[in-house]
Amino acid sequence: RIEVLKGPQVTLFGRNATGGAVNIVTRAPTFDATGEFTATYGRFDYKKATAYLSLPIVEDRVAASISAVGLGDDGYIKNPYLNVTQGYRRLAAVRGKLLLKPWENTEIQLNGFYSWSKDSSTFSSKPLDGNTAIRLVPNSDNIPLSILIPTGRYESSTQFVPFYRARQFMVDGHLKTDLGFATLSGLVAYQQTRGRSVQDTDLSPISNFTVEIFLNGHSTYEELLLTSNASGRLKWIVGATGFQGRAFQDPQISNGIRTYNGQITRAWSVFGELTWKPLERLSLTAGLRYSRDKKRGVHRPAATNVETVGEKSFGNLSPRAVIQYDFDDRANIYASYTRGFKSGTFNTLTA
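Residues numbered from 1 in each chain as written. Predicted model: local features only at pLDDT ≥ 70, side-chain atom pairs only at ≥ 80, totals over all residues. Heavy atoms only, no water.

Draft legend 1. The overall build of the chain, seen in detail. The number of helices and strands found in the chain is two helices and 17 strands. Computed over the C-alpha atoms, the radius of gyration of the chain is 26 Å, more than 25% above the 20 Å expected from 2.2 N^0.38 for a compact globule of 351 residues. Its C-alpha atoms put the chain at 80 × 50 × 45 Å along the principal axes. Put simply, the chain has 351 residues, and 33% of those count as buried. (Helix = DSSP H or I, 4+ residues; strand = E, 2+ residues; numbered from the N terminus. Rg over C-alpha atoms; globule rule 2.2 N^0.38 Å. Buried < 20%, exposed > 50% of the residue type's maximum accessible area, 1.4 Å probe, protein only.)

Draft legend 2. Inspection of the environment of V309 at higher detail. Locating V309 in the fold gives a position in strand β16 (residues 308-326). For the pair V309 and H299, spaced 10 residues apart in sequence, the C-alpha to C-alpha distance is 6.6 Å. If near-sequence neighbours (up to four positions away) are discounted, V309 is found in contact with R296 and G297. (Contact = heavy atoms within 4.5 Å.)

Draft legend 3. View of a nonpolar patch on the surface. The grouping of L53, L55, I57, V58, I66, V94, Y114 and W116 at the surface amounts to a nonpolar patch, some 660 Å² of accessible area in total. When residues of the nonpolar patch are traced back to their parent elements, those giving at least two are β4 (46-58) and β9 (106-119). In terms of residue count, β4 provides more of the nonpolar patch than any other element does, four residues in total. Mapped onto the elements of the fold, W116 is located in strand β9. In this structure W116 comes out as partly exposed when scored by relative accessible area, which is 32%. (Patch = residues over 30% accessible without salt bridge, like charges linked within 9 Å, V, L, I, M, F, W, Y side chains within 5 Å. Areas by Shrake-Rupley, 256 points an atom, 1.4 Å probe, with all protein chains shown as cover. Salt bridge = Lys/Arg side-chain N within 4 Å of Asp/Glu carboxyl O.)

Draft legend 4. The arrangement of the pattern of salt bridges in detail. According to the stated counting rule, one finds nine salt bridges in the structure shown. The partner of E3 in a salt bridge is R1, and the shortest N-O contact between them spans 2.9 Å. Exposure remark for E3: the relative accessible area of 26% places this residue in the partly exposed category. In this structure R1 comes out as exposed when scored by relative accessible area, which is 62%. E311 serves as the salt-bridge partner of R296, at 3.2 Å between the closest nitrogen and oxygen. With R296 in strand β15 (residues 282-300) and E311 in strand β16, this residue pair connects regions lying 15 residues apart in the sequence. Classification of R296 by relative accessible area gives partly exposed; the value is 31%. Residue classification places E311 among the partly exposed positions, given a relative accessible area of 48%.

Draft legend 5. Broad picture of the side chain of S269. With respect to the helices and strands, the residue S269 is situated in strand β14 (residues 257-276). Judged by its relative accessible area of 5%, S269 is buried. Engagement of the side chain of S269 in a polar contact is seen with the side chain of T241, the distance being 2.5 Å. Among the polar contacts listed, one links the side chain of S269 to the side chain of R289, at a separation of 2.4 Å. (Polar contact = N/O pair within 3.5 Å; in protein donor to acceptor, adjacent residues only side chain to side chain.)

Draft legend 6. Focus on the packing of aromatic side chains. All chains considered together, the criterion is met by six aromatic pairs. Ring pairing ties together the aromatic residues F44, Y76 and Y154, which thus form one cluster. Over the ring of F243 we find R15; its NZ or CZ atom is 4.8 Å from the centre of that ring. (Phe/Tyr/Trp six-rings, centres within 6.5 Å; stacked < 30°, edge-to-face > 60°. Lys NZ or Arg CZ within 6 Å of the ring centre and 35° of its normal.)

Draft legend 7. The environment of S121, seen in detail. Here S121 is to be found in the loop between β9 and α2 (145-148). Taking the C-alpha atoms as reference, S121 lies 30 Å from I66; in sequence the two are 55 residues apart. Beyond its immediate chain neighbours, meaning those up to four positions away, S121 contacts Y76, I77, G87 and Y88.

Printed below as a string of structure tokens:
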């Protein structure tokens, strides 16, 4: 299912949920065998296939599922200089899940995800009104711009076919156990992304502005929640989170000049929220989260081992208050106040 939550969601969802949250919840393994397969074909030789399979391993105790998707097309952007078609996409992804119920009221889920993609549509562009950077080069008046600059829709005249290629994998584990008065749940996750992009930022056949970026990033996340099980007038939740992230351009090569740029993030938070119903149809909610982020930016210019390092910490107290009245099961009216939080960041490319 897909959940769309409007307004700042910092109190419960944490860092960077300043304007809302979109939660994509994928299917858990089932103890009944089930599966499905789809295939699609479209213009530009577009092909897509998906598959899903869920099976019980041990009756009512262990179940597993696997899902996969693959797609690709031949592109739709003409390159009159190279006489080729670009703007293609290639993607493949697979996800595996293992559901364990070792004893009553306890559930463990272990997940793994891997994806690979290559896309040339992102950088297959053309200069606005023919204004390429090559026009700033001396003696550029002798360049036949009418030939070099594309004018039609879905055209691009780069000297080579640009692309962005990415590989990502993630593993995560979830624990949920019923303590009677409350449910204790925990999450740990690790994610890694590696990418490479090659682009002609001048968008002309003149090899004058070429940028190649190697992206290397990884992060870990931890979460612990305690949620009340009470069916009465008062419900509550308390929790804590931790995040450690590292993302670097290692290196970025601009016209042969190599630089090393990146940022390291350390963050943690504690939060709580309670909802009280003084009347059957009236609910009052109050929540509070304290967040702390520490950023470290690193820049190393070409041909030197001297690094420029900057550090900055950000702290924030984010409140939330809601009053809601339910007319019936399908209609309600509410008013809410929420404060969002998003820490600053280093733009190490400007160093």
